[in-house]
Amino acid sequence: MSFKQVVRFTNDAAALEKILRLSQSLSQILAAYATTAEDAKTWLLLRRQFALGRRYFRFFKFLDAFPKAFDSFHTTVGVMVVLEVGKWSCLGAYLFLESLTILDMMGVWPSPWAEAVLVEGNKFWFYSLVCSIFLGGLQLYAEGGEVKGGSTEKGTGKSQGVQAQKEKLGGIRRRMVVDIFDLFLPGFVTGWLVTTQAFVGFASAVSTILSSKDIWDRLQK
């Protein structure tokens, strides 16, 4: 890891959102284990500010999710169509509902309906993650460890095919682990999963670190 690689990572919008997410997660963990109410209040305020900063990066993200749901009709078949469309359409609904509450989050225009909208949005996020987890399982089953390119490849070509397949399967498994940890976030908000704020912060931190690897790899190409 070089200094230039770190600079490139910290100047990427997606990476910055992940840094803010990790900071938000750590603030939540520290608030849960604070020794005094005053310390907990400080950490929760810091968590809220990090969460608000992330909102700016995600404000128009729903515009990216809905086209992916539409494109899935042409790129996937069978049960995967249902899961992939469900994943992206539910994620888009969550991001859209979240964007509607940004003025309330900023304190500019407090809305009595903002909390209810966020809860409903988190339900859609929960659905999206469930679809994504099942989709990842089907993708792993469909891949079955086979190397694309056939057995006619020789030498370096075959070795590269094996390596590419391993990276693909590793990426699918990592995405599934990220989704499983992320599931605790909307599950906690909706009350569908019984857990603690400290564990939610820990789950968010783990999923953030794991998902950041894809961004890191992309920026090193």
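Conventions we followed
- Residues numbered from 1 in each chain as written.
- Predicted model: local features only at pLDDT ≥ 70, side-chain atom pairs only at ≥ 80, totals over all residues.
- Heavy atoms only, no water.
- Salt bridge = Lys/Arg side-chain N within 4 Å of Asp/Glu carboxyl O.
- Helix = DSSP H or I, 4+ residues; strand = E, 2+ residues; numbered from the N terminus.
- Polar contact = N/O pair within 3.5 Å; in protein donor to acceptor, adjacent residues only side chain to side chain.
- Contact = heavy atoms within 4.5 Å.
- Expected span 1.5 Å × (residues − 1).
- Buried < 20%, exposed > 50% of the residue type's maximum accessible area, 1.4 Å probe, protein only.
- Axes fitted to C-alpha atoms, helices over the stretch in contact; angles between N-to-C directions.
- Parallel < 35°, antiparallel > 145°, perpendicular 65-115°, else oblique.
- Left-handed = near helix turned anticlockwise from the far one by under 90°.
- Nonpolar A, V, L, I, M, F, W, Y, C, P; charged D, E, K, R; others polar.
- Core = buried A, V, L, I, M, F, W, Y, C linked by side-chain atoms within 4.5 Å.
- Phe/Tyr/Trp six-rings, centres within 6.5 Å; stacked < 30°, edge-to-face > 60°.
- Disulfide = S-S within 2.5 Å.

Draft legend 1. Region of the structure containing the pattern of salt bridges. Taken as a whole and judged by the stated rule, the model has twelve salt bridges. As a salt-bridge pair, R58 and E17 come within 3.5 Å of each other at their nearest N and O atoms. Of this pair, R58 sits in helix α3 (residues 37-58) while E17 sits in helix α2 (residues 13-32), and the two are 41 residues apart along the sequence. Each of E17, R54, R55, R58 and E98 takes part in salt bridges that share partners, so that together they form one network.

Draft legend 2. The side chain of R54, seen in detail. You can see R54 is positioned in helix α3. Side chain to side chain, R54 and Q24 meet in a polar contact 2.9 Å long. Once you skip the residues sitting within four places of it in the chain, R54 turns out to touch E17, L20, R21 and Q24.

Draft legend 3. Quick look at helix α10 (residues 197-219). A rise of 1.5 Å per residue sets the reference length of α10, with its 23 residues, at 33 Å; its end C-alpha atoms lie 33 Å apart and thus fit the reference within 8%. Taken as a whole, α10 has its buried residues at A198, V200, G201, A203, S204, A205, S207, T208, S211, S212, I215 and L219.

Draft legend 4. Layout of the environment of F202. With respect to the helices, strands and loops of the structure, F202 is situated in helix α10. Overall, F202 belongs to the partly exposed group, its relative accessible area being 42%. Taking C-alpha positions, F202 is 26 Å from V7, a pair spaced 195 residues apart along the chain. Residues contacting F202, with those up to four places away along its chain left out, are I29 and F181.

Draft legend 5. Molecular detail of the side chain of S212. For S212, the position within the fold is in helix α10. Overall, the relative accessible area of 12% leaves S212 in the buried class. For S212, the residues in contact, after removing those within four places along its chain, are F9 and K18.

Draft legend 6. A look at the packing of helix α4 (residues 62-75) against helix α5 (residues 79-100). It is at 8 Å that the axes of α4 and α5 come closest, and there the two elements cross at 165°. Of the possible angle classes, the one that applies to α4 and α5 is roughly antiparallel. For the element pair α4 and α5, the recorded crossing hand is left-handed. Contacts between α4 and α5 involve F62, A65, F66, K68, A69, S72 and F73 from the first element and V81, E84, V85, W88, S89, L91, G92, A93, L95, F96 and S99 from the second. Split by residue class, the contact of α4 with α5 holds twelve nonpolar, four polar and two charged.

Draft legend 7. Highlighting the nonpolar core. Membership of the largest hydrophobic core comes to 16 residues, with the highest contact counts inside it found for W88, L91, Y94, L95, W125 and L183. For this core, the secondary structure elements donating two or more residues are α4, α5, α7 (114-143) and α8 (155-182).

Draft legend 8. Up close: the packing of aromatic side chains. For the coordinates displayed, the defined rule picks out ten aromatic pairs. Aromatic side chains F59 and F60 sit 4.8 Å apart centroid to centroid with 90° between the ring planes, which places their arrangement in the edge-to-face category. Judged by centre distance (6.2 Å) and plane angle (85°), the ring pair of F124 and Y127 falls under edge-to-face. Of this pair, F124 and Y127 both sit in helix α7, three residues apart, which is roughly one turn of that helix. Judged by its relative accessible area of 31%, F124 falls in the partly exposed class. A residue is classified by how much of its surface remains accessible, and Y127, at 38% relative accessible area, is partly exposed. Three or more aromatic residues joined by ring pairs make a cluster, and in this case those are F124, F126, Y127 and W192.

Draft legend 9. Looking closely at the state of the cysteines. In this structure the tally under the stated criterion is zero disulfides. Sulfur of C90: no disulfide; nearest cysteine sulfur belongs to C131 and is 5.6 Å away. Assessed through its relative accessible area of 17%, C131 is described here as buried.

Read these as spatial facts, not as claims about activity.
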